[in-house]
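Chain residues, written in single-letter form:
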Amino acid sequence: MSVALYPGSFDPITYGHLNIAQRGLKLFDKLVIAIAENVRKTPLFDVEERLEMIRASLADVDGGDRAEVTAFNGLLVDYAQQCHANVLLRGLRAISDFEFEFQMAHMNRRLAPGVETVFMMTGEEQFYVSSQMVREIATFGGNVGGLVPPHVEQRLRERFA
Ligand code: ADP
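Since the structure is predicted, the reported quantities are computational estimates derived from the model, not experimental observations.

## Describing the overall build of the protein
Inference 1: The helix and strand inventory of the protein stands at six helices and five strands.
Inference 2: Taking 2.2 N^0.38 as the reference for a compact globule, 161 residues should give roughly 15 Å; the C-alpha atoms of the protein span a radius of gyration of 15 Å, in line with that estimate.
Inference 3: The burial tally for the protein puts 48% of its 161 residues in the buried class.
Inference 4: Across the protein, every contact between residues at least 6 apart in sequence was considered, and the portion connecting residues at least 24 apart equals 77%.
Inference 5: When the 16 basic and 21 acidic side-chain charges of the protein are each reduced to a single mean position, those positions are 3 Å apart.

## Here we look at the sheet that holds strand β4 (residues 87–92)
Inference 1: Across the sheet, which stays open at both edges, the five strands sit in the order β3-β2-β1-β4-β5 with parallel pairing between neighbours. In this open sheet, the two edge strands, each paired with only one partner strand, are β3 (67–72) and β5 (116–121). Recorded for the sheet is a direction-independent mean angle of 30° between the axes of neighbouring strands.
Inference 2: Pairing of strand β1 (residues 3–8) with β4 involves two bridges; the strand directions are parallel. Note that in β4 the partner of A4 across the bridge is V87.
Inference 3: Its contacts with the sheet place helix α4 (residues 95–111) against β4 and β5, and it is angled at close to 170° to β4.

## A short note on the site of the ligand
Inference 1: Surrounding the ligand, one finds 17 residues, the nearest of these being Y6, G91, Q126, V129 and S131.
Inference 2: The backbone of F10 places a nitrogen or oxygen atom 2.9 Å from an oxygen atom of the ligand.
Inference 3: A distance of 2.9 Å separates a nitrogen atom of the ligand from a polar side-chain atom of T122.
Inference 4: Coverage of the ligand by the protein amounts to 89% of the 540 Å² it exposes when considered alone.
Inference 5: Mapped onto the shell around the ligand, the elements with two or more residues apiece are β1, α1 (15–27) and β4.

## Focus: the packing of aromatic side chains
Inference 1: Scanning the entire structure with this criterion turns up four aromatic pairs.
Inference 2: When the centroid spacing of 5.2 Å and the interplanar angle of 80° are considered together, the rings of F127 and Y128 count as edge-to-face.

## Notes on the pattern of salt bridges
Side-chain pairs of opposite charge can arise where the charged atoms are in close proximity.
Inference 1: Enumeration over the complete set of coordinates arrives at eight salt bridges.
Inference 2: R155 is paired through a salt bridge with E52; the nearest N and O atoms lie 2.5 Å apart. Linking R155 in helix α6 (residues 150–159) with E52 in helix α2 (residues 47–58), this pair joins segments that are 103 residues apart in sequence.
Inference 3: You can call R155 partly exposed: its relative accessible area is 23%.
Inference 4: Taking the shortest distance from any N to any O, the salt bridge between R157 and E153 comes out at 3.6 Å.

## Quick word on the pairing of β5
Inference 1: Here six bridges tie β4 to β5, and the two strands are oriented parallel to one another. Considered in β5, the bridge of L89 is made with V118.
Inference 2: Note on the crossover from β4 through α4 to β5: the handedness is right-handed.

## Describing unusual backbone geometry
Inference 1: A cis amide bond links D11 with the next residue in sequence, P12, at an omega value of 5°.
Inference 2: Along the chain, the position of P12 falls in the loop between β1 and α1.
Inference 3: A positive phi angle, near 45°, is found at F10, a position not held by glycine.
Inference 4: Notably, H84 is not glycine yet its phi reads approximately 60°, a positive angle.
Inference 5: Secondary-structure assignment places H84 in the loop between α3 (76–82) and β4.

Reading guide: rules and limits
- Every chain is numbered on its own, with residues counted from 1 as its sequence reads.
- Given that the model is predicted, a residue must reach a pLDDT of at least 70 before its local features are reported, and side-chain atom pairs must reach 80 or more before they are shown or counted; all residues, however, enter totals for whole chains, interfaces and linings.
- In computing side-chain properties, one takes all heavy atoms of the structure into account and sets aside hydrogens as well as water.
- Helix and strand definitions follow DSSP, with helices as H or I runs of at least four residues and strands as E runs of at least two, each counted in order from the N terminus.
- This radius of gyration counts C-alpha atoms alone. The globule rule is 2.2 Å times how many residues there are, raised to the power 0.38.
- Note on classification: 1.4 Å probe, protein chains only; a residue is buried when its accessible area is under 20% of the maximum for its type, exposed when over 50%, partly exposed between these limits.
- Throughout, a contact is declared for two residues whenever any of their heavy atoms are within 4.5 Å.
- Only four residue types enter the charge count, namely Lys and Arg as positive and Asp and Glu as negative; His and the chain termini do not.
- For this purpose, a charge sits on NZ of Lys, CZ of Arg, CG of Asp or CD of Glu.
- Strands are treated as partners if at least two bridges between them are detected by DSSP.
- Here an axis means a line fitted to C-alpha atoms, over the contact stretch when the element is a helix, while the angle between two N-to-C directions is reported on a 0 to 180 degree scale.
- Think of it this way: one heavy atom of a residue within 4 Å of a molecule or strand is enough to make that residue near it.
- Any N or O atom pair separated by 3.5 Å or less is treated as a polar contact, with the protein-specific requirement of one donor-capable and one acceptor-capable atom, and with residues adjacent in sequence counted only for side-chain atom pairs.
- Only the protein chains shown count as cover for residues, and the accessible areas themselves come from Shrake-Rupley with a 1.4 Å probe.
- When two rings of Phe, Tyr or Trp (its six-membered ring) have centres within 6.5 Å they constitute a pair, described as stacked for plane angles under 30 degrees, edge-to-face for angles over 60, and tilted for the intermediate range.
- Salt bridges, as used here, are contacts in which a Lys or Arg side-chain nitrogen is within 4 Å of a carboxyl oxygen on Asp or Glu.
- With its strands directed away from the observer, a crossover is right-handed exactly when the path from the first strand over the helix to the second travels clockwise.

Purely geometric stuff here, so don't read any function into it on its own.
Shown next, in the form of structure tokens:
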């Protein structure tokens with residue numbers, strides 16, 4: 001059975017993340033979407049809220065029932081082993097993502113040679129979408145419709161009301 005671990009901060013989940021998750025579910029038997037808790041010190045949404053938003057978003061995704069949504073602390077490769085994941089799934093947007101991802105993939109391979117990192121090129125409609133941009137737009141009351149699912153948009157509106 002192929003199990004892929006898709007880690008990120010998902011603060012909040014966007015259609016960019018969902019595009020990768022949806023396509024990942026076509027390739028792997030199981031997808032573990034995991035919030036890396038120790039990445040950003042002051043997230044906009046706490047872990048519980050982010051878990052809820054990811055789970056709600058998966059309701060509309062084909063094969064979403066084969067996805068597990070969790071959170072973890074510590075080293076990604078340790079968590080991959082804990083989940084019995086043989087693949088780390090990451091999305092690539094622009095050249096700017098490449099350098100960091102390249103470094104991380106090599107470091108993770110060194111730490112856990114049995115775990116392969118698989119990259120998926122961003123969807124053509126999501127290449128410019130990032131959680132950070134979404135947060136910034138929402139902070140100033142801008143329209144994030146079409147970048148995140150409607151229930152996430154609603155949460156952002158409530159947060160910045
Ligand atoms: P962000 O950079 O949006 O805060 P995360 O840290 O949550 O995202 O990213 C988790 C993974 O999802 C990373 O591999 C990232 O490259 C990928 N990702 C995020 N947004 C997109 C997008 N619009 N298209 C493709 N991959 C994306």
